Structures are given as C-alpha cells and as structure tokens.
Amino acid sequence: MLPFTYQRPETVAEAVDALQAGGPGTTLLAGGTTLFDLMKIGVASPSRVVDIHRVRELDHLGVANGELVIGAGARMSRVSAEPDVIRLFPAISESLWRSASQQLRNMATMGGNLMQRTRCAYFRGGEPFPCNKREPGSGCAAISGVDGGMAVLGVSDQCVATYPGDVGIALVAFDAVVDLVGPDGGRSLPFAQLNLLPGSSPEREHALLDGELITQIRVPVTPVAAASGYLKIRPRESYAFAFASAAVGVLFAGDVVGECRIGIGGVATRPWRASAAEAWLTGKPLTEDNARRAGEIALQGARPIAANEFKVELGIRTVAKALLDVAGGDR
Ligand SMILES: Cc1cc2nc3c(=O)[nH]c(=O)nc-3n(C[C@H](O)[C@H](O)[C@H](O)COP(=O)(O)OP(=O)(O)OC[C@H]3O[C@@H](n4cnc5c(N)ncnc54)[C@H](O)[C@@H]3O)c2cc1C
C-alpha cells in the first residue's frame, strides 16, 4: 500500500471542502470494506483519503413525504432490519440481507455499496492482466478469459465486467433517486443514471462529477414496492456475489398483472431495469409460461462470452422464478 494523507471531516460541508482541496487522487472512505481491499491489491492508490464514516448528517433513515429516505452513511445491516423497509420494500431488505456477511453489513454503508467496483477477476488481478477499466487502452483479458461471472447485458468490446451489488437491483426496479452534493451545490439523479455503461470508456463508471458525494437515496413508497421480493442465485448459499438476481414487484388487477417491476443483477454491467418485460407482462395472467417469456424478454440482446453462456438461461429462469415466488398465493 502506498502512503496517503488521511482526513476526517465532521460535516458534509467539510467533506466537500476536503474533496475539492485534495483534487485528483482524493477518495472518500466510508466503511472501508472494499476500498481498503482495492488499496492493498494496488488497484486503488489514492493520495488522500477523506473519511466520512462518522459524519452524522449522513446516517439517517426513515419514511417521510411518501418516500423512504436512506442516508448514504446508514449501515447496510440497519437498513435491512428497519421495520418500515421490511414492510414497504421487502426487495430492498432482502437484497441487503443476501449481501456479503453480517460483519461486513455492520460496517458497510449504503453510499459505499452503490459505489463499489466490479469483482471482475482480471480487474482485481492487476498485472499481468490487461484491463481497460484499470488501464484504459490496455485491452480486456476477461473477454477471452475463464471467469464465468462476467456480464451478458450492457457489455462492450472493451469491457464485460459485471455490476456486483445487490441493493442497486432493487433500487433500479423501484425508481430510486440519489441526492448528491458537490462544490456547486446539490442535485438529484435517477439511480438508473448513476452507473454508466462501459461503452468505449469503461474507466468511467459513474455519473458523479469531481468533488461530488452521495448524501442520500430516496425511493417512492408505492403498492408495487410493498409487493416485492429479491431472488439471488450464487455459487454458494451465503457470502457470494450473484450469478443472477432479480428484484421484482407484482400487483394484480383481477386475474391479470396490473403492474410489475423487474430489475436484474449479476448478468449486466450496471443495475438493469427490464422495462420491455414489465410492459409485456402487464395485462396478462402470471402463468409459468408468461413468467418465462418475461424472463426471455428481459435477457433479449444478451451477448455472452465463451465462459458464461449459461448466464442467459440462468437469467431467464431467475426472472421467471422471482415473479412466480413473489406472486405466491395471490395468483
Ligand atoms: C467478502 C465480500 C463479500 C461481499 N459480498 C457482497 C454481496 O454479496 N453483495 C453486495 O452488494 N456487496 C457485497 N460486498 C461489497 C460490500 O457490500 C461493499 O464492500 C460495501 O457495501 C462498501 O461499503 P463501504 O461503506 O465499506 O464502502 P468503502 O469501501 O468505504 O467505499 C467504497 C467506494 O465508495 C465510495 N464512497 C463511499 N461513500 C460514498 C459516498 N457517500 N458518496 C460517493 N462515494 C462514496 C468510496 O470512495 C469508495 O470508492 C462484499 C464485500 C466483501 C469484502
């Protein structure tokens, strides 16, 4: 690990000042559960670290004015166990429970979770693997590699790295918004626009401007979010990232689907909203065939590499099962 300057602001305003004063090479530190890893393996080498883990202004959580409001500093464990989250947003609670381990969730923050970087083995492997995300223009070892965890949706010829998070899949399904603050003041961004597609510049991963930080996440309280769930398929039953996941919500109008939401994870380069599948399923009965067809539409356009062709069928089945599971006895 290279030496770095450490700073611990008490307020959001001080944090913004510290980010601006530090300039390029300055990085925020929250729970540190992924940043320290990346520093130890040489993938991140900040010259200055601004520690916001104890900024109390960021540590709020509650329902107000028809929205769930989650401070960027709220710990994952607290959010997943909050009774209002369990009642009004089961998919958010379940996606957090199925992330990492209890010890990590006790330390890790929601802001840090949204900003975590891909687990692509070639990105994290450093030398000798070329990686356009880590070293722009160097190439992509993953495309011809053996890591089956790569993405099949939203990929480019430059990068096939999977978005690793779980709660982001629920947030994209239920129209979350992130509030940001920076040197020029505050602004809001639909969560769906926070993470960027790799395209020809995979090193650009998010839409934050220099000196900006996430202050909170807001999610509208809706009946469909209360009728939701999260299904995660992974290499082992605990403590593993998703091979495929789905955050879904289904409301019925009589015998047919009146409204539904489908977010998919583990298969895409960013949190993926399956809007075409939602539109197709609305107005139809939720039969096994229709659930599968919704999954097929959700995975349309998939571009697997040799190592992960299984992810297309797995993604389809994950969406279908999540829809049928969440509908449960209501069908
Ligand atoms: C073994 C292991 C297993 C895991 N399994 C899962 C899993 O199954 N599912 C899952 O979703 N995650 C998983 N994770 C990732 C884990 O959820 C993240 O490490 C954690 O959420 C990061 O939060 P943090 O507060 O520790 O972030 P940090 O490590 O402190 O920071 C992470 C990044 O976010 C930036 N950042 C932090 N806060 C802000 C902010 N407010 N605004 C802007 N940028 C910010 C930092 O600069 C840094 O770049 C796993 C991690 C480990 C180590």
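To start, this report covers the structure provided alongside it. (Residues numbered from 1 in each chain as written. Predicted model: local features only at pLDDT ≥ 70, side-chain atom pairs only at ≥ 80, totals over all residues. Heavy atoms only, no water.)

Judged by how many residues are buried, strand S11 (residues 256-265) sits mostly within the fold: 7 of 10 residues are covered. Pairing analysis gives 9 bridges linking strand S10 (residues 244-253) to S11, with the strands arranged antiparallel. Along S11, the bridge assignment pairs Ala247 with Gly263. Linkage of S10 to S11, two consecutive antiparallel strands, is achieved through a turn of 2 residues, within which Gly254 is found at a positive phi near 70°. Both S11 and strand S12 (residues 272-273) contribute to a ladder of 2 bridges, which runs antiparallel. Opposite Gly263, over in S12, you have Arg273 as the bridge partner. Hairpin remark: S11 followed by S12, antiparallel, with 6 residues in the connecting loop; positive phi at Gly266, about 80°. (Buried < 20%, exposed > 50% of the residue type's maximum accessible area, 1.4 Å probe, protein only. Helix = DSSP H or I, 4+ residues; strand = E, 2+ residues; numbered from the N terminus. Pairing = 2+ DSSP bridges.)

Here we come to empty space enclosed by the protein. A complete count under the given rule lists 1 cavity of 30 Å³ or more for this structure. A volume near 80 Å³ is recorded for the largest cavity. If you trace the largest cavity, you find 15 residues lining it, with Cys120, Cys131, Cys140, Ala142 and Cys159 closest to the centre. Its residues placed into classes, the lining of the largest cavity shows 11 nonpolar, 3 polar and 1 charged. (1 Å grid on protein atoms, 1.4 Å probe; cavity = no way out; pocket = protein on both sides within 12 Å on 5 of 7 lines; lining within 4 Å. Points joined across faces, edges and corners; volume = space filled by probe spheres on them. Nonpolar A, V, L, I, M, F, W, Y, C, P; charged D, E, K, R; others polar.)

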